[in-house]
Amino acid sequence: MAVPVAFFALFFAYPVTAIVGRGFRTDDGWRFGRIGEVLGRPDILDVLWFTTWQALASTALTLLIALPGAYVFARFAFPGKQVLRAVVTVPFVLPTVVVGTAFLAVLGRGGLLDELWGVRLDTTVWAILLAHVFFNYAVVVRTVGGLWSQLDPRQEEAARVLGAGRFAAFRRVTLPALVPAVAAAALMVFLFTFTSFGVVQILGGPAYSTLEVEVYRQTAQLLDLPTAAVLTLVQFTAVGAILAVHAVTVRRRERALKLVDPAQTSRRPRRAGQWALLGGVLLTALLLILLPLGVLVERSLDGPGGYGFGYYRALQSAGSGATSTFLVPPLEAVGNSLRYALVATLIALVVGGLAAAALTRRAGRLVRGFDALLMLPLGVSAVTVGFGFLITLDKPPLDLRTSWILVPLAQALVGVPFVVRTMLPVLRAVDERLREAAAVLGASPLRAWREVDLPLVRRAVLVAAGFAFAVSLGEFGATVFIARPDTPTLPVAVARLLGRSGELNYGQAMALSTILMLVCAVSLLLLERIRTDRSGEF
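Residues numbered from 1 in each chain as written. Predicted model: local features only at pLDDT ≥ 70, side-chain atom pairs only at ≥ 80, totals over all residues. Heavy atoms only, no water.

Focus: the pattern of salt bridges
A full pass over the atoms with the stated rule returns five salt bridges. Of the charged contacts in the structure, one is a salt bridge between Arg 217 and Glu 214, with a shortest N-O distance of 2.8 Å. With a gap of three residues between them, Arg 217 and Glu 214 both fall in helix 11 (residues 211-221), about one helical turn apart. Residue classification places Arg 217 among the partly exposed residues on the basis of a relative accessible area of 31%. Given a relative accessible area of 3%, Glu 214 falls into the buried group. Residue Asp 486 pairs with Arg 484 through a salt bridge whose shortest N-O separation is 3.6 Å. Take Asp 486: its relative accessible area is 29%, and that puts it in the partly exposed class. One salt-bridge network, in which partners are shared between bridges, spans Glu 115, Glu 298 and Arg 299. (Salt bridge = Lys/Arg side-chain N within 4 Å of Asp/Glu carboxyl O. Helix = DSSP H or I, 4+ residues; strand = E, 2+ residues; numbered from the N terminus. Buried < 20%, exposed > 50% of the residue type's maximum accessible area, 1.4 Å probe, protein only.)

Comments concerning the packing of aromatic side chains
Evaluated as defined, the whole model comprises 17 aromatic pairs. Plain terms: the ring middles of Phe 50 and Trp 53 are 5.8 Å apart, the flat faces sit at 85° to each other, and that makes the pair edge-to-face. Of this pair, Phe 50 and Trp 53 both sit in helix 3 (residues 42-75), three residues apart, which is roughly one turn of the helix. The partly exposed category is assigned to Trp 53, whose relative accessible area is 29%. Through a chain of ring-to-ring contacts, the aromatic side chains of Phe 7, Phe 8, Phe 11, Phe 12 and Phe 389 assemble into a single cluster. (Phe/Tyr/Trp six-rings, centres within 6.5 Å; stacked < 30°, edge-to-face > 60°.)

Some words on helix 3
Between its first and last C-alpha, helix 3 extends 49 Å over 34 residues, near the 50 Å set by a 1.5 Å rise per residue. The largest bend in helix 3 comes to about 35°, at Ala 66, with the proline Pro 68 one to four residues further on. (Expected span 1.5 Å × (residues − 1). Bend = angle between axes of the 7 residues up to and from the residue.)

A short note on the confidence of the model for the protein chain
Scored by pLDDT, the protein chain comes out at a mean of 81, with 89% of its residues at no less than 70. At the level of individual helices and strands, the protein chain shows its lowest average pLDDT in helix 16 (residues 365-373), which scores 66, and its highest in helix 3, which scores 93. The model gives residues 532-538 a pLDDT under 50, and that stretch makes 22 contacts with residues more than four places away or in other chains. (pLDDT = per-residue confidence, 0-100. Contact = heavy atoms within 4.5 Å.)

So, the packing of helix 11 against helix 17 (residues 382-392)
Packing of helix 11 against helix 17 brings their axes to within 8 Å, and their N-to-C directions diverge by 30°. Between helix 11 and helix 17, the angle is such that the two are roughly parallel. Contact residues: helix 11 offers Glu 212, Val 215, Tyr 216 and Thr 219, while helix 17 offers Ala 382, Val 383, Thr 384 and Phe 387. Class assignment of the residues belonging to the contact of helix 11 with helix 17 gives a composition of five nonpolar, two polar and one charged. (Axes fitted to C-alpha atoms, helices over the stretch in contact; angles between N-to-C directions. Parallel < 35°, antiparallel > 145°, perpendicular 65-115°, else oblique. Nonpolar A, V, L, I, M, F, W, Y, C, P; charged D, E, K, R; others polar.)

And the structure:
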């Protein structure tokens, strides 16, 4: 545990504590009374209220739309199922900047709805809610559907034989078994929407602001550290509570049921209602997921002179005027992002792999608490982490403010939880007697790991690496602070282009977003080829 603890203490706890401390410390000492002052402001109360209710509404809407999809993927066998499952998962690994850009192309000024019916939904709450459903659809499908596919259907069939109706059998047999998985998925969706940044920043406009967006505004624009510190503490407390409840629901799910092979539960649709449900899920996937991504690609090709690759060619030069905010050609952001993401993935695999191994071999409250702490970077303000890097890692022996390694370190913080969650179930499934037998035969601990554990978890390592690479590639909240002007990442470059007026800037933003989407999609399709779908874990 030494390396993971040191990594999180130095690059997570230290920057966050430092920036929060600066917000409460004055020349006269500590002023914790600022908490009441800030939380009593009407504008801050409006932000807290909007953050909470939009997260609740996004979660409810996601469950309503995604649960039928979870059932279809769990119980039905149909051509193209594996490809479709990969497609619906693409939004989850997309950067939030790309998600916002895709919905801007559909709902914004000059977007598809504006051209067809003269309707604009950008700068409205509906654009935010739909984008959140788009982003989190796969969380419900994979988490609930994964468990649903392993539930023995004979239990429900036995209830039907004993006289229960179809709905009663589902309500009394299947639904209680699914409740922990539904609760876990709902909590994760609520966590992601409660801390939403890129989607709200692009689609919400000045009228809507979540806690994360407000922390960014108070920090980067107003330089009001006391207010940002209070909001960070509020978000930290809320996220901690969500993760604690999530841990309880996951433990209930792990010990509640006897599961079967998913191949035994999947059958082709037979009745008209089943075909109608399958058609409805396919239509939902088409309109909610494929349409925004397709319009994003179409807008990237629709130049002033007709369809072509003009916007892509414009990315090759820094130029002046329209692209003067870039010191280098915007296309160089692709290479920067790939290099940063590769280094971040390596760091995340080392730190996350060691953490997963430690959690496998030890028990107790301390280790269980460390398991929960590993998830905190997913919920704590990335804006706070990025700004904390700037004000803490600027003195020897850790003067990293001008170093390229700063960006991969911030990205790795987000990748580590995915590595741990992917590798931990597989490592726990390794029979301890295999390690003991290797030790009896004279193998050192390192050789026992290489000969016993590594062959068994190789696929899990590859899957973990893929997820870490995808989320590192799209990290935006912290990177927007620490990426240097001459080495921007793809999300930062997209945000800069969208922040400026002009058709060329808009087209280039669409082109860069398409490139980023394709890289993430290819990574995910490779994951689908190497992963084994034997678990309900996402």
